[in-house]
Amino acid sequence: MLVLFSKRNMIPSIRIILSLGSFLLLFISSTAAKTSFRPKALVLPVTKDISSSTPQYVTQIKQRTPLVTVNLTVDLGGGYVWVNCQHGYVSSTSKSVACGSAQCSLFGSSSCSGDKVKVCGGFPSNTVTGVSTSGDVRSDVVSVESTDGNSAGRAVTVPKFLFICGSDVVQKGLPKGVTGMAGFGRTKVSLPSQFSSAFSFSRKFAICLSSGTINSKGVIIFGDAPYNFGYLNSDLSKALNFTPLITNPVSTAPISSLGEPSYEYFIGVKSIVISDKEVPLNTSLLSINKNGVGGTKISTVNPYGILETSIYKAVSKAFVKAVGVKTVSPVSPFGTCFTQHEIGSSPMGPGVPDIKLVLQNGVVWDIIGANSMVQFSNIDVICLGFVDGGSKPKASQVGFVPMTGDQPTTSITIGGLQLENNLIQVDLARSRLGFRSIFSDHSNCANFNFTSSA
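Note on numbering: residues in each chain are counted from 1, in written sequence order. Whole-chain, interface and lining totals are the exception, using all residues; otherwise, since this is a predicted model, local features are given only for residues with pLDDT of at least 70 and side-chain atom pairs are given and counted only at 80 or more. Note: side-chain values were computed over all heavy atoms of the structure, leaving out hydrogens and water.

Working definition: helices are DSSP H or I runs of at least four residues, strands are E runs of at least two. Numbering for both runs from the N terminus. The residue Phe123 is located in the loop between β8 (119-122) and β9 (125-126) in this model. Throughout this description, buried means an accessible area under 20% of the type-specific maximum (1.4 Å probe, protein chains only), exposed means over 50%, and partly exposed covers the range between. On the basis of relative accessible area, Phe123 is assigned to the buried category, the value being 11%. Sequence separation between Phe123 and Val137 is 14 residues, and the spatial gap between their C-alpha atoms is 9.2 Å.

Before going further, it helps to spend a moment on the side chain of Thr339. Within the fold, Thr339 resides in strand β23 (residues 337-339). Taking relative accessible area as the criterion, Thr339 reaches 15% and is therefore assigned buried. Whether two residues touch is decided by their heavy atoms; if any such pair falls within 4.5 Å, the residues are in contact. Once residues within four sequence positions are removed from consideration, Thr339 is found in contact with Val328, Asp380 and Ile382.

Bringing the state of the cysteines into the picture now. Disulfides are defined as pairs of cysteine sulfur atoms found within 2.5 Å of each other. All told, the structure shown has 5 disulfides when counted by the stated rule. Between Cys85 and Cys165 runs a disulfide, and the two sulfur atoms are separated by 2.1 Å. Taking the sign of the torsion about the S-S bond as the criterion, the disulfide between Cys85 and Cys165, at about -80°, is left-handed. In this pair, Cys85 is assigned in the loop between β5 (81-84) and β6 (95-96) and Cys165 in strand β12 (residues 152-166), connecting sequence segments 80 residues apart. This pair shows no difference in class: Cys85 is buried, exactly as Cys165 is. Two residues, Cys337 and Cys383, share a disulfide whose sulfurs are 2.0 Å apart. The sign of the 100° torsion about the S-S bond sets the Cys337-Cys383 disulfide as right-handed. Here the residue Cys337 occupies a position in strand β23, and Cys383 occupies one in strand β29 (residues 381-384), the gap between them amounting to 46 residues. This pair shows no difference in class: Cys337 is buried, exactly as Cys383 is. Each bonded cysteine of the protein chain is numbered by sequence order, and under that numbering the disulfide pairs are 1-6, 2-4, 3-5, 7-10, 8-9.

Our next topic: the confidence of the model for the protein chain. On average, the protein chain scores 87 in pLDDT, and the residues at 70 or more come to 85%. Every residue gets a pLDDT, meaning the predictor's confidence in that residue, from 0 to 100. pLDDT under 50 marks residues 5-33. Its contacts with residues more than four places away, or in other chains, come to 122 contacts. Ignoring residues within four places in sequence, the model shows residues 393-406, a span with pLDDT below 50, making 42 contacts including any to other chains.

Shown next as structure tokens:
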């Protein structure tokens with residue numbers, strides 16, 4: 001078994017890279033759910049799991065024949081879905097994908113296994129731990145609930161959903177009961193892409209992560225639907241702020257072809273403002289250079305924000321000055337901490353100044369106290385929820401080979417903490433990212449009604 005190790009920034013994130021024509025979607029669309037009911041949107045729950053060393057966001061699908069519930073860690077920039085097939089994968093509808101087939105090409109794979117029958121191979125990757133292995137590409141039935149944007153509806157199926165088989169080695173480090181990862185990145189075989197192809201709905205999805213960990217479900221909606229959250233009783237898709245998505249021209253994955261772009265989601269941050277004062281930064285770090293270094297991405301496998309060293313130091317200095325209280329010994333992995341009782345509270349969480357990200361089209365992303373601070377239940381300490389990601393630029397990947405070296409370094413990573421109780425919409429058709437704080441509307445992402453109306 002091939003086992004690979006890789007790190008990116010402080011918390012690794014690994015992507016399988018694809019670059020294919022739209023005609024390859026024919027396979028997925030031709031295997032769409034065979035049902036008279038054609039949903040306009042689908043819905044999945046997402047919960048926060050803190051049982052492992054790194055907090056993770058977990059969703060679940062039903063897969064196989066007979067159907068089995070499969071728990072998957074959400075990877076917003078991941079290229080595909082992988083599931084551990086090493087033990088107990090039993091399904092009468094599971095089929096291997098032939099090497100050299102159109103389906104195999106969707107994974108950008110030239111790897112084959114087997115003697116008489118060549119099976120398509122891929123590289124399932126745990127983007128939390130940085131471990132990859134090799135595995136066969138398969139198809140199987142997947143069932144998911146539809147939605148009208150108000151509640152969950154009837155279940156529909158995709159008969160030939162494509163995924164890669166993982167193993168115990170790559171599963172290690174995921175929460176108990178989680179047996180794979182669901183990639184949402186800009187590929188033809190990510191979870192959103194396969195759903196939109198199967199049901200011919202819009203190439204967009206929305207994710208709303210809940211900050212709660214017990215009986216507190218966030219929501220992921222695929223396709224066109226209103227976004228209604230509890231007593232707000234309004235369609236929040238009409239109240240989003242939008243900013244363009246940016247393509248990083250260099251792969252941020254350890255396994256990629258020369259010249260292929262990253263499939264993570266990048267946006268353009270032009271400046272950072274704290275207490276109405278612009279933080280002095282080396283602004284060249286805010287753009288992505290020809291080597292793929294720099295820029296800003298959003299990530300669910302990074303539980304906290306990550307800032308390049310000079311940006312971190314400047315933001316920390318400005319933040320401490322604005323807070324106006326002394327710092328205390330930091331709690332790892334954080335570097336800027338305070339005594340909790342000296343901070344106080346506000347309707348927007350801990351009583352600290354907002355961190356404003358001024359985006360390329362003039363729109364501002366306000367990071368309120370609930371999304372900027374990490375509190376501890378057993379000690380009187382509260383920390384800024386951004387970590388120092390280092391400053392040394394790292395070499396880009398070359399060649400379609402498993403690499404164990406470094407990847408391009410992103411200057412700013414907006415992590416899971418910053419995304420919680422924010423409605424985030426990724427609209428691939430229009431190449432834009434929508435966002436809105438649900439918390440600021442005095443609601444939260446756990447207010448979606450998962451009681452089926454079917």
